[in-house]
Amino acid sequence: MSRVTADASILRGPVAGVPSTSVAGLVRDACTAHSGVTALLLPDERLSYAELGRRVRWRAAALVERGVGTGDVVAVELPRGAAAVESALAVIALGAIYLPLDPEYPADRLRAVVDDAAPRLVLTSDEAVPDGPAPAWPTSPDDPDSALYAVYTSGSTGTPKGVVMTDGPLRNLLSWHRAALPCAPGTRVAQLSALGFDVALHELLATVTTGKTLVVPEPDVRRDPHRLAAWLAATRVEQLFAPTVVLTHLAAAADADGVPLAALHVVLQSGEPLIVTEPLREFLRARPALRILNQYGSAEMQDVLSAEPTGPVDRWPEPVPIGLPLQNTSVYLLDERLQPVPAGRPGRLFVGGAGLARGYLRRPGLTASRFVPDPFGPPGRRMYDTGDLGVREPDGGIRYAGRRDDQVKISGFRVELGEVDAVLAATPGILAGAAAAVTRGDRTVLVAAVVAPGADPAALRAALAARVPAQLVPARVEIVESLPTTPSGKTDRAAVAALLAEAGSVAAAGPVTAASGVAGLAAEALGHPVDPTLGLFANGGDSLTALVVAAAGRRAGVAIEVEHLLVGTPLARIATEPVTASEARPAAPLVLAESELNAVQRRVPEVLAIESLSPSEAGMLAGALASSHDPYLVTITVTLRGTLDPARLRAAADDLVARHESLRSAFLVDGVRRPVRAVAPPAPAPWTTTPPQRIELDRPPLFHVSSPVPPDRLPPGHVDELVLTITSHHLAVDGWSARVLVRDLLDAYDGVTSGAVARPPLRTPDATAAGRAADHWSSSLRDREPSVVADRGTVRGPASAELTVPLDPTAVDGARQRLRAGGRSFSALALTAWGLALRDELGSADAVFGTAVATRDPAAPGSADAVGLFIDTVPVLVSAPDVHSGVEEVAAALPTAARHGAIGLGAIALAARWPALFDTVVVDESDAVSLQGLRGARDGYSVAAVTATDRTEFAVSVLVDSGPAPSLRLTYDPARVDPDRVARLGRAAAAAVGDYAAAIARTPATSASTSTSSV
C-alpha cells in the first residue's frame, strides 16, 4: 500500500484496519484456536495454549478475589518463567494495568517504582494454580483507549517515570506483526528481553496472540553469548528480539563456536541504532536468508518505524536506517519552530497517529510537554516529541541521527555519543564499543570502552583520528572484555563513564605541585596516566587541555609555555620556570637569559636582532611545527622570456634576501622560554632545480628559488623561456608581500635597487587593549560555535586540491557598483555568501568562519614595501536570515573585528570558550594590486605569467576575485574534506552572490543602503 507524503519531512504510514477485539480478546481467541499448540517452552516444562488459557483464567479469578478490577495497577515481580507470563496475561485479561517489575533490578529502583505507581497489588511469589476446570474468561473492555500496561523508564532527573500504554496502539502493532511476519502456529520466539522493558511485552503478545511458541531460557543463558548461541540452536528458535549489542556478541560467539543457528530466520532489532559491526557482518554473510528488521520505538510509543535492509550485507548503510512509518502512524521531521525541514537536513523527530501512549503516570505537566498538539493531523490529535533527530534519506526512509538530549559538548562541538559508538564499531580491531562523557574539573572529556582483544589503545586512537574529526576521537580508550549493559540489554553508558572515571583516577593521586612536572600536570588535566615521552595531543589532549595545563602550572607555581604543548614537544622535555610577578604585567622589551641567548646563537651565529612574536605569528608557528608537513608554504611562479643574464638573475635573488629581513629570519623554540624571531645577516639565496616541500623555520633564509636549469648552468644571452619558482613561508610572506617580492626581484635584475626596507612593527596589544579585545570576542561570539566542514578525519594531507567556481562577470560588476554606492565592498557580499553556504551544508542556525584582515599601518614609513606577515585572521559571524541582511551584518561587524584581531586566534578562541577553531577561511584578493599588473615587456625580456598560491592549516580556503574574470578559488585538503562537499559549498556561495546581484538588478539604486561605513 502506498504512503502519502505531503511534505519531504512529513511521512505517513499506510492506512490499514486493526482488530476491533482488545488485546485481551486476542489472547483469549488464540488460546481457543491453537489449543493443541505449544504456547510456552521452558527448560523443565511445556504448556499448550489450552493449558496456558486455563492457568490465566485461574490467576485472573484470584486477582478478582483480592479486589483487583478494571483500571487498577497490578505489579508483577516474578522471575522469568511460566508464572510471570501467566500473571501478566491475567492482569491484562481483567482490564487492569500490568506493571512489570524485573527482579534483577536493584531493590532501591523497584521501591521507587512501587512508591510512584502505588499499585493495588504487588505479586512477588508464585501461587500454585489448582488442577481442574477454570472459571470463564473475564470480561475486559474493548475500548482502544483503556490502559493496558505501564513501564518505567529513566528520567532526566534520575527519578524513573511511568509510561501508560493503551490498548489501541498495541493492537495496531500486533496487526502489523501478523502482516509483516506471517508464521505458522508453533513458530518459536525467544524470550530474551528484560521483563521490565516494553519490548518484553512485544515478545510476549506478538507470540501468544498468533499461536507461536515462546521459548524461555534458563536465567544465566541471556548473559553468556556462547551459551546463548548453543541454547538458540538446541531449541531451534526461529525469531529473536535483540538489540545491537546482543546481536554483535551473539554473532561473534556463534561463529567462534561453529554454531550454525540454521533455524533462525528473523531478528527484530530495536532499542539502539543497528550498527553492523564486523562480527555481525561476517555472521550475516554466512546467512544471507536471515531477515533483519530494524525497529524504531520507545516506551512512549509502540514501534512506529521499520526498515529491512536487503542485498549483500557489505552494501548496507552505516548505521542502518530506521525506515518508514508503520500502518496508521505518522512521523515528522521538524525544526525548532515545528516546521518541516528540507529533505536531507536533520530534524527533530516527532511521532503521531496510532502508536502513542496515553502519557506519564500522574505527571500531567510532563505529559503535556512531550505529547503536544499535532499541527499536521486531525483536530485533537497529539504528537510525541521523541527527543531524537532524524534525516530523510534519498530513498524516502529516515536515518536516525542521534538524540538531542544525549548530546555532549567536546572541545566546543556538539557530539552525539551514538555517532561515536558507530565510529568505534566500524573501526578494524574493535568488536564493540561505547562512548561516554566524563567530567574533568570544568571540562567534558570523551572516553570509550571497547571490546578489542589484543589491541593497543594508542593505535586505536590513531586509527580513529585518521578517519573522523578530533571531537569524535575519545581522549581515553579502555580495553574491556565486554561492555556493561542494563538489565534490558542496552549498553549502560553510565557504567562506561563510571568505569573509565575509575580507571583514570590513578593519575590524580596526590596533590599537584611544581615537583609533578608537566607530565603530572597533564595527567591531572586529562584524568588518566600519560606517557611523558609523547606530546600532549598524543596523550589524548587538545588545545583546551593545553590551556588547562598551563593554568594548573601557574597555580602550582611554575610557568609553562602553551606553544610547547601545542607543537607536540614531549612532556618530559618541556621545561618549567618559577612564576614571577613580572609575568602578570604588560609586555616589556624582550630580555633573554644568557642560556637563551646561547641557544639562539647556536642556530643563528651572527644574529643581528632577536624579537618576540606577535600573537598571529605565534599561532602560525605553533600550527606549522605541529604538522608533519608544513601547511603554510607560499609558492610564487614567474615565467620569463627573452635575453637573460644568469649572473644578474642570481644577484637579484640575493638582493631580495638582503633587502627584506623577514626572508633571512629564523623562528626558534628550542632553548628559549618563548618563541622568538632571529634575524641573520644577508646571505646568498638558495637555488635548486626543484622546489622544497618544507621550509625549515629555524634555518634562515626563509626563501628559496628553483628553476629547471640553475643560472650558473645557463649560457649568457639565453633566449628561451625560464620558469622561476619562489618558495617561502607564510610567516615571512603574506598576500601583499608576494607582489612586493616579484616587483623587487624584477627591479633588482633591472638594476633598480633602493637598499634594505625597515620592517614596520607588528601589532602586539598591551594588556588594556588585549582585555578589551577579549571582552569583545566573548560577548560577540557567546554561544556561537565555529563551523567545521572536515568530514574525513583530522590528519592533514601533504597537498591541497583546488576548485575554481566562476562568477557571472555582469552580475559581479553590478553588485560591486551597488555595494560601493552604499559604502560597502564586495568582500562583505563574498563573506556573507560563504556563511550562507556553510549554514545550508551543515544545517546550522549560523556560521562562524575566518577571514584575513590587513594590519599594515599606511602611515608607517615603508609599510607598503615591506615583506612579512601583516595580517590577522578574525572570526566572521553570519546569522542573518538572507544575503541582503547578511551583507549589512558583516559590513557592520568587520571594522570592529579588525580592531580586536591583534590578540591572535588562540586568544580569541579562549575568549569565546572555543577549544577548537573553525576550519574554513575566506580571503578577498579583489582590492589588492593584482600580480598580473607585473606582466609585460621589460628591458630585453618579458614577464609572461605570474601566479601565487599558498597553503594554510584550514580545510578549505576561499580566495575571492571580483576582477575581470571573477571567481571563487577554493583550495582544500582532500584528506580532511570530501571534494563533493567542497563543490556543493562553492556552488552554493556562487548562487548566493548571483541571487544578490539578481535582486539588486530589480531594485532602484536609490533604495540601496546609504550607510557610510565601509569594509
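Sequence positions are assigned chain by chain, starting from 1 and proceeding in written order. Only residues with pLDDT of at least 70 get local features here, since the model is predicted, and only at 80 or more are side-chain atom pairs given and counted; chain-wide, interface and lining totals rely on the full set of residues. Each side-chain value is worked out from all heavy atoms of the structure, with water and hydrogens disregarded.

A. View of the overall build of the chain. Per the secondary structure count, the chain includes 26 helices and 43 strands. Burial classes: relative accessible area under 20% of the type maximum marks a residue as buried, over 50% as exposed, and values in between as partly exposed (1.4 Å probe, protein chains only). Counting across all 1015 residues of the chain, residues that qualify as buried make up 54%. When contacts within the chain are restricted to residue pairs at least 6 apart in sequence, those whose partners lie at least 24 apart make up 72%. Accessible surface is estimated by sampling points in the Shrake-Rupley manner with a 1.4 Å probe; for residues, cover comes only from the protein chains shown. Total accessible area on the chain is roughly 41300 Å²; 54% of this is exposed by carbon and sulfur atoms. Segments assigned H or I by DSSP are reported as helices when at least four residues long, segments assigned E as strands when at least two residues long, and all are numbered from the N terminus. In what follows, a contact means two residues having at least one pair of non-hydrogen atoms within 4.5 Å.

B. The packing of helix H7 (residues 225-235) against helix H8 (residues 244-257), seen in detail. A fitted line through C-alpha atoms serves as each axis, taken over the contacting stretch for helices, and the angle formed by two N-to-C directions is quoted from 0 to 180°. Where H7 contacts H8, the two axes come as close as 8 Å, and the packing angle between them is 75 degrees. Put simply, H7 runs roughly perpendicular to H8. Together, Pro 225, His 226, Leu 228, Ala 229 and Leu 232 of H7 and Val 246, His 249, Leu 250, Ala 253, Ala 254 and Asp 257 of H8 make up the contact between the two elements. Here the contact of H7 with H8 is composed, by residue class, of 8 nonpolar, 2 polar and 1 charged. Note on terminology: angles under 35 degrees are roughly parallel, angles over 145 are roughly antiparallel, angles of 65 to 115 are roughly perpendicular, and the others are oblique. Residues are grouped as follows: Ala, Val, Leu, Ile, Met, Phe, Trp, Tyr, Cys and Pro are nonpolar; Asp, Glu, Lys and Arg are charged; every other residue, Gly included, is polar.

C. Fine view of the environment of Leu 483. Checked against the element boundaries, Leu 483 lands in the loop between strand E26 (476-479) and helix H13 (493-503). We classify Leu 483 as buried; its relative accessible area is 7%. Setting aside residues no more than four positions away along its own chain, Leu 483 makes contact with Val 245, His 249, Ala 432, Gly 433, Ala 434, Ala 449, Val 450, Val 451 and Thr 491.

D. Layout of the pairing of strand E16 (residues 329-334). Counting buried positions over the 6 residues of E16 gives 6, a clear majority of the element. Side chains Thr 329, Val 331 and Leu 333 of E16 all project onto a buried face; the interleaved residues Ser 330, Tyr 332 and Leu 334 project onto the opposite face, where all are buried too. Two strands pair under a simple rule: DSSP has to find at least two bridges between them. Bridging between strand E1 (residues 10-12) and E16 involves 3 bridges; their strand directions are antiparallel. Counted as the bridge partner of Ile 10 is Tyr 332 from E16.

E. Here's a closer look at the packing of aromatic side chains. In this analysis, rings of Phe, Tyr and Trp, with Trp reduced to its six-membered ring, are considered paired at centre separations within 6.5 Å, and the interplanar angle assigns stacked below 30 degrees, edge-to-face beyond 60, and tilted for intermediate values. Inspection of the entire model under this criterion finds 7 aromatic pairs. Judged by centre distance (6.2 Å) and plane angle (85 degrees), the rings of Trp 914 and Phe 918 are edge-to-face. Relative accessible area serves as the criterion here: at 6%, Trp 914 is assigned to the buried category. Through a chain of ring-to-ring contacts, the aromatic side chains of Tyr 360, Phe 371 and Tyr 384 assemble into a single cluster. Put simply, a charge is over a ring when the Lys NZ or the Arg CZ is close to the ring centre, within 6 Å, and near the line of the ring normal, within 35 degrees. Of note, Arg 648 hangs over the ring of Tyr 749, and the distance from its end group to the ring centre comes to 4.0 Å.

F. How the structure looks around unusual backbone geometry. Geometrically, the link from Pro 700 to Pro 701 is a cis peptide bond, its omega value of 0 degrees lying close to zero. Summarising the element assignment, Pro 701 is placed in the loop between strand E33 (687-688) and strand E34 (703-706). The backbone phi angle of Arg 362 is positive, close to 55 degrees, even though this residue is not glycine. Assignment of secondary structure puts Arg 362 in the loop between strand E18 (359-360) and helix H10 (364-370). In this structure Arg 362 comes out as exposed when scored by relative accessible area, which is 52%.

G. Up close: the pattern of salt bridges. Salt bridges, as used here, are contacts in which a Lys or Arg side-chain nitrogen is within 4 Å of a carboxyl oxygen on Asp or Glu. By the definition in use, this model includes 39 salt bridges. The partner of Arg 984 in a salt bridge is Glu 841, with the nearest N and O atoms 2.6 Å apart. In this pair, Arg 984 sits in helix H26 (residues 979-1001) while Glu 841 sits in helix H23 (residues 826-842), placing the two residues 143 residues apart along the sequence. In this structure Arg 984 comes out as partly exposed when scored by relative accessible area, which is 37%. Each of Glu 45, Glu 51, Arg 54, Arg 55, Arg 59, Glu 86 and Asp 126 takes part in salt bridges that share partners, so that together they form one network.

H. Focus on the sheet that holds strand E29 (residues 609-612). Reading across from one edge, E29-E32-E31 is the order of the 3 strands in this open sheet, with antiparallel pairing throughout. Each edge of the open sheet carries a strand with a single partner, namely E29 and strand E31 (665-668). Direction aside, the axes of adjacent strands within the sheet are offset by 25 degrees on average. Here E29 pairs with strand E32 (residues 676-679) via 4 bridges, running antiparallel. The residue of E32 that forms the bridge with Glu 611 is Arg 677.

I. Local environment of the sheet that holds strand E35 (residues 722-729). The strand order across the open sheet built from 6 strands is E33-E34-E35-E30-E41-E40, with neighbouring strands paired in mixed fashion. The sheet is open, and its two edges are formed by E33 and strand E40 (936-937), each paired on a single side. The sheet contacts of helix H19 (residues 646-659) involve strand E30 (633-642), E33, E34 and E35, and relative to E34 the element is tilted by about 165 degrees.

J. Empty space enclosed by the protein, seen in detail. A cavity here means a set of points on a 1 Å grid, drawn over the protein atoms and nothing else, where a 1.4 Å probe fits but cannot get out; a pocket is an open set with protein on both sides within 12 Å along at least five of seven lines, and a residue lines either one if it has an atom within 4 Å of a point. Grid points are joined across faces, edges and corners, and a volume is the space filled by probe spheres set on the points. Tallied over the full model, the rule gives 12 cavities of 30 Å³ or more. What the largest cavity holds in volume is close to 150 Å³. Residue lining of the largest cavity: 15 residues in total, with Ala 84, Ala 88, Tyr 98, Gln 191 and Leu 195 positioned closest to the centre. Of all the elements in the fold, those that place two or more residues in the lining of the largest cavity are helix H3 (82-94), strand E5 (97-100) and helix H6 (198-208).

K. Molecular detail of the pairing of strand E17 (residues 346-353). For E17, the buried fraction is high: 7 of the 8 residues fall into the buried class. With 6 bridges joining them, E16 and E17 adopt antiparallel strand pairing. Bridged to Val 331 within E17 is Val 351. Relative to strand E20 (residues 382-392), E17 runs antiparallel, the two being bridged by 6 bridges. Bridge pairing in E20 links Val 351 to Tyr 384.

L. The arrangement of helix H1 (residues 23-33) in detail. Of the residues making up H1, those classed as buried are Val 23, Ala 24, Gly 25, Leu 26, Val 27, Ala 30 and Cys 31. Along its buried surface, H1 packs onto helix H2 (49-65), H3, strand E7 (147-153), helix H5 (167-180) and H6.

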